[in-house]
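# A closer look at the structure
What follows is the residue order along each chain.
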Amino acid sequence: MLTSFADLTVIELAHIYNGPYCGLMFAHLGAEVVKVEPPAGEKLRGRARDDADPQEFIMLNSNKKSVALDLKSEAGREALLKLVDSADVLIENYAPGALERLGLAPDALLERNPRLVVASGKGYGSSGPYAELPAMDLTVQAMSGAIATTGFPDGAPVKAGPAFTDFSGGIHLFGAAMAALYDRERTGAGRVVEVSMHDTIYPMLTSALSGLYNYPDRELPQRTGNRHSGLAMAPYNVYRAADGWLAIISAAEAHWQGVCRALGLEALLEDPRFTTVYERAVHMDALDAAVTEVTSTLTRDEITRRLGAHKVPSAPVKELKEVDEDPHLLARGMIRYVDHPKNGRVPTVGNPLRMSPDCGTEPLTPAPAVGADQVEVLVRLAGLSAEEAESLLGR
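The protein is annotated in an unreviewed UniProt entry as CoA transferase of Brevibacterium salitolerans.

Structural data, given as structure tokens:
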């Protein structure tokens, strides 16, 4: 835990993945993160099965406290505003205009507490032609070009497996909030910061977009399967192994030579079709066929050992069950376990921000039940009586 973060109070007025992941990063660093939910709980809790909490909620809400407020009621709004008075950061990823309709517009919150950093996560931002469009990870993947560039040339566009636009938005939102807190240390003033999920994806298309300009004389497919998005490198693909699949990338001449020597393909080094990066890209079908002919006879471990001896970047394509027990993620503390009162011992998300000495390795508390910290938080931070705090639960 960072000692300075222990002095930060963060209000998380957020749901699903985007805002809650931003809040989780603050919580991992030691900030007091108060999750303000509707009395029935935030939307992600609705995915619950039976009496258990949904695993995705557990994974994104460790080390947080929960307060339940009906923000459509005057008493609920007033309680939130009292929390705002003593808060450092407020994270929100409500739909466009939702806070304004509740009388809780970001500018109004900042007026109430001029030192507050309001971190607003949006699908498309608050300006521009798309600002009012409803946004979820799938729709932002579609609008950003991510889906158009995913899949194989002769197949339909495919969304990415991970909800990466949600999490990209949350990561950037954390960065924006931290920048505003740093500025506040110099100026004493808070501010509203905003991150559009859609904005964060454009830089990720650098390879795909570069194909439009690097090869103006070639009509490249938008979808390149597992090949380089700009079709500028080969070998660069996912290749069949005897026991699954394996990714190999040749980003430098030494890698290319290493692939040939590791797989017994030295004859390709003299083949005029493969003498330069450009020629290898032009003839990647033939090159991939030659590589696959060898890799398909070897296990993933055998291939990675051979390629590793020549310092060629490669990795087995791990199945989800393998990732769930990944020894590297376990060793680094990215897979952490908590004892949940309903679900038992379950995995949750560790802190990817590594800082010495040993920041982020402290024990985690499980995701809280709805309103679990109602009285303690509202009495201490908002100045309510215990009776007033209890009455706001709406039970």
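Picking up where we left off.
### Considerations on the nonpolar core
Residues Val 10, Phe 26, Ala 31, Val 89, Ile 91 and Val 117 are the most contacted members of the largest nonpolar core, which totals 32 residues. Contributions of two or more residues to this core are made by helix H1 (18–28), helix H2 (55–60), strand S4 (89–92), strand S5 (117–122), helix H7 (164–187) and strand S6 (191–196). The contacts of Phe 26, once residues within four sequence positions are left out, are Phe 5, Leu 8, Val 10, Ala 31, Val 33, Val 89, Ile 91, Phe 174, Ala 177, Met 178 and Leu 181. Grouped together as the second largest cluster of nonpolar side chains are 30 residues, Ile 11, Leu 378, Leu 381 and Ala 389 included.

### Considering the sheet that holds S6
Pairing within the open sheet is parallel, and its six strands lie in the order S3-S2-S1-S4-S5-S6. Whereas interior strands pair on both sides, the edge strands pair on one side only; in this sheet they are strand S3 (64–68) and S6. Neighbouring strand axes in the sheet, compared pairwise and without regard to direction, differ in orientation by 20 degrees on average. The pairing of strand S2 (residues 32–37) with S3 spans five bridges and is classified as parallel. Its bridge partner lying in S3, Val 36 is registered against Val 67. Against the sheet, H7 makes contact with S4, S5 and S6, and its axis sits at roughly 160 degrees relative to S6, the strand it touches most.

### Re the packing of H1 against H7
The N-to-C vectors of H1 and H7 enclose an angle of 50 degrees; their axes lie 8 Å apart at closest approach. As summarised for this structure, H1 and H7 are arranged oblique, according to the angle between their axes. Along this stretch, H1 crosses H7, giving a crossing that reads as right-handed. In this structure, H1 uses Asn 18, Tyr 21, Cys 22, Met 25 and Phe 26 to contact H7, whose residues at the interface are Asp 166, Phe 167, Gly 169, Gly 170, Ile 171, Leu 173, Phe 174, Ala 177, Met 178 and Leu 181.

### Concerning the packing of helix H3 (residues 74–85) against helix H16 (residues 374–382)
Geometrically, a packed helix pair is captured by the angle between its two axes and the distance between the axes. Between H3 and H16, the shortest axis-to-axis distance is 9 Å and the interhelical angle comes to 60 degrees. Classified by the angle their axes make, H3 and H16 are oblique. Regarding H3 and H16, the two cross each other, and that crossing is left-handed. Contacts between H3 and H16 involve Ala 79, Lys 82 and Leu 83 on the former and, on the latter, Val 377, Leu 378, Leu 381 and Ala 382. Its residues assigned to classes, the contact of H3 with H16 shows six nonpolar, no polar and one charged.

Calculation criteria
Residues numbered from 1 in each chain as written. Predicted model: local features only at pLDDT ≥ 70, side-chain atom pairs only at ≥ 80, totals over all residues. Heavy atoms only, no water. Core = buried A, V, L, I, M, F, W, Y, C linked by side-chain atoms within 4.5 Å. Buried < 20%, exposed > 50% of the residue type's maximum accessible area, 1.4 Å probe, protein only. Helix = DSSP H or I, 4+ residues; strand = E, 2+ residues; numbered from the N terminus. Contact = heavy atoms within 4.5 Å. Pairing = 2+ DSSP bridges. Axes fitted to C-alpha atoms, helices over the stretch in contact; angles between N-to-C directions. Parallel < 35°, antiparallel > 145°, perpendicular 65-115°, else oblique. Left-handed = near helix turned anticlockwise from the far one by under 90°. Nonpolar A, V, L, I, M, F, W, Y, C, P; charged D, E, K, R; others polar.

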